[in-house]
Structures are given as structure tokens and as C-alpha cells.
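Each chain, written out:
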Amino acid sequence: DTEVTQTPKHLVMGMTNKKSLKCEQHMGHRAMYWYKQKAKKPPELMFVYSYEKLSINESVPSRFSPECPNSSLLNLHLHALQPEDSALYLCASSPRWGMNTEAFFGQGTRLTVV
Amino acid sequence: GDSVTQMEGPVTLSEEAFLTINCTYTATGYPSLFWYVQYPGEGLQLLLKATKADDKGSNKGFEATYRKETTSFHLEKGSVQVSDSAVYFCALFMDSNYQLIWGAGTKLIIKP
């Protein structure tokens, strides 16, 4: 299994809603990542988890709250988002953080904030 | 700081044409280099990689050679297909900060 699975694929939420994005991998990878990608732009790193511990937070607003319940799962909790947060949210994993190997990406969740 | 520069798109070619997408980088050390592809409405997939100078990465008919002397990692394919239409991202990985640095992406359009 070389897949990173993200759910849901599409999400529309109001500015007062609370929702969560989910990501799962069963490759035994111990580094997991959240990226945000706006249209026609490269992905921007948001968070890095290494061995289930938050290792990097790229100055992301607190309305985004990551969680890594175990080595296979990564969540992104969303609360009080703004319309400018509408984007494709990508989860990725790699064997170890800092290793010179490629990251495996999920298909993404396309988020629209209304 | 470290950076990646890709040729601007869109690049429009006819089917069976030869493809080159230029990528150059600036880095203080010896990065690993990657090409990722993003098909419409999808996530990112690794296309190929090279970890040291003169390495050639190849996959699905695409090739790229890590050229340290010109700090380049140009993507090539001998005969493109309509199904190759996508956005292609060049990226480098630095051991010093453990992060992927991305190019801006190049949109490729292949016409039948």
C-alpha cells in the first residue's frame, strides 16, 4: 500500500463551522505533513509531524489545529475560517522527517469557505 | 536562500513533440532534486528524482539529469501525449533545513 488517503475530497463550510480533514497512510512512515495549495501555485508547508510530535508550525493561524492521534493518522481541525482559506489542502508522508527521500501526497481536500 | 526557478508556462505542444521544461536552482549545499506532477483536480505525484550530481532520474518516458555545474535539472520527454497535460513542479530538498523548496510550477498543455 503506497497510498495516502484524504477525506473528504471536497468540503464547503461556513465561517462559523467546525470541521476536520483526515489523512491516513499505512506505509509505516513516521513523518506526516499538511500543505496548503492555492490555485496555480506550489504547495505551502503548514505543519510537520515527526513520530507523532509537532515539529514544524509555519506560523499558521490558530484557526487551523493539527492533530496526530497515531503513526498512521493525521487530522486538521478547522474553526472560524475565512474565505481566503479556501484552497486545496494536501497531506503527505515520508519515511522519516529530514531524510533525503520523496514525500508521498494524497489527492487533497478541496475546501471552500463561504 | 535556497530557491528553484522554473520556466513560465503554459507550455503548449502538439502530440509527439519533444518536451523540455527548464529548472535551475540555488542552494548552498548539495540538495536532492525532484520533479512532481499534478494532473487536473488531483494531488501531487512524484515523477522522478536525483540525489547527487550526474544522476539521471527517469520515469514514464520522462528524464532529468542533475547538473551541478549548471545547477540545473531540466525535464525532458521525447514524445509527449495528451495525457501528459498537467502542472509540473521542480523541487529541491535540503538536509540543512529538512524542507522541500518548490518551483512555481509549469503548466503543460498537449494538443492532439
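Residues numbered from 1 in each chain as written. Chains lettered and ligands numbered in written order. Predicted model: local features only at pLDDT ≥ 70, side-chain atom pairs only at ≥ 80, totals over all residues. Heavy atoms only, no water.

To continue, consider the packing of aromatic side chains. In total, this model carries 11 aromatic pairs over all chains according to the counting rule given. Plain terms: the ring middles of phenylalanine 62 of chain B and tyrosine 88 of chain B are 5.6 Å apart, the flat faces sit at 40° to each other, and that makes the pair tilted. Highlighted residues: phenylalanine 62 of chain B in strand β8 (residues 62-65) and tyrosine 88 of chain B in strand β10 (residues 86-94), separated in sequence by 26 residues. Each member of the pair, phenylalanine 62 of chain B as well as tyrosine 88 of chain B, carries the same accessibility label: buried. When the ring of phenylalanine 89 of chain B is compared with that of tryptophan 102 of chain B, the centres are 6.0 Å apart and the planes differ by 90°; the resulting orientation is edge-to-face. Taken as a pair, phenylalanine 89 of chain B in strand β10 and tryptophan 102 of chain B in strand β11 (residues 99-102) lie far apart in primary sequence, 13 residues in all. One exposure class covers both phenylalanine 89 of chain B and tryptophan 102 of chain B, and it is buried. Among the aromatic residues, those joined into a ring-pair cluster are Tyr33, Tyr35 and Phe105 of chain A together with Phe34, Tyr36, Phe89 and Trp102 of chain B. (Phe/Tyr/Trp six-rings, centres within 6.5 Å; stacked < 30°, edge-to-face > 60°. Helix = DSSP H or I, 4+ residues; strand = E, 2+ residues; numbered from the N terminus. Buried < 20%, exposed > 50% of the residue type's maximum accessible area, 1.4 Å probe, protein only.)

Before going further, it helps to spend a moment on the pattern of salt bridges. Side-chain pairs of opposite charge can arise whenever the charged atoms involved come near each other. Throughout the structure, instances matching the rule amount to 6 salt bridges over all chains. In this structure, the salt-bridge partner of aspartate 85 of chain A is arginine 63 of chain A, at a minimum N-O distance of 2.7 Å. Of this pair, aspartate 85 of chain A sits in the loop between β8 (73-79) and β9 (87-94) while arginine 63 of chain A sits in the loop between β6 (53-57) and β7 (64-70); the two residues are 22 residues apart in sequence, bridging distant segments of the chain. Judged by its relative accessible area of 23%, arginine 63 of chain A falls in the partly exposed class. One salt bridge in this structure joins lysine 52 of chain B and aspartate 55 of chain B, with 3.3 Å as the shortest N-O distance. (Salt bridge = Lys/Arg side-chain N within 4 Å of Asp/Glu carboxyl O.)

Residues and elements named next belong to chain B. Spatial ordering of the open sheet is given by β3-β9-β8-β7, a layout of 4 strands whose pairing is antiparallel. Sheet topology places β3 (19-21) and β7 (56-59) at the edges, where each strand pairs with a single neighbour. Averaged over all neighbouring strand pairs, the angle between strand axes comes to 20°, with direction disregarded. Pairing of β3 with strand β9 (residues 75-77) involves 3 bridges; the strand directions are antiparallel. What sits directly across from threonine 20, in β9, is glutamate 76. (Pairing = 2+ DSSP bridges. Axes fitted to C-alpha atoms, helices over the stretch in contact; angles between N-to-C directions.)

What follows concerns the nonpolar core. In terms of nonpolar packing, the biggest core is built from 28 residues, with Trp35, Leu47, Leu48, Phe73, Leu75 and Tyr88 of chain B touching the most fellow members. Of all the secondary structure elements, the ones that give two or more residues to this core are β2 (11-14), β3, β4 (23-26), β5 (32-38), β6 (45-50), β8, β10 and β12 (106-111) of chain B. The element that contributes the greatest number of residues to this core is β10 of chain B, accounting for 5 residues. Within the second largest apolar cluster, 22 residues are counted, among which are Met32, Met46, Leu111 and Val113 of chain A. (Core = buried A, V, L, I, M, F, W, Y, C linked by side-chain atoms within 4.5 Å.)

Following threonine 7 of chain A, the chain continues into proline 8 of chain A via a peptide bond in cis, with omega recorded as -10°. Residue proline 10 of chain B is reached from glycine 9 of chain B by a cis peptide bond, and omega for that bond is 0°. Tracing the sequence through the fold places proline 10 of chain B in the loop between β1 (3-6) and β2.

Here the focus is the state of the cysteines. What is meant by a disulfide is a covalent connection between two cysteines, made through their sulfur atoms. Residues and elements named next belong to chain A. One pass over the structure, following the stated rule, counts 2 disulfides over all chains. Sulfur-sulfur distance for the disulfide between cysteine 23 and cysteine 91 comes to 1.9 Å. Taking the sign of the S-S torsion, -70° for the link of cysteine 23 and cysteine 91, the bridge is left-handed. Of this pair, cysteine 23 sits in strand β3 (residues 18-25) while cysteine 91 is found in strand β9, placing the two residues 68 residues apart along the sequence. Each member of the pair cysteine 23 and cysteine 91 is classed as buried. Its sulfur unpaired, cysteine 68 is 9.1 Å from the next cysteine sulfur, which belongs to cysteine 91. (Disulfide = S-S within 2.5 Å.)

Geometric values such as these leave the question of function open.
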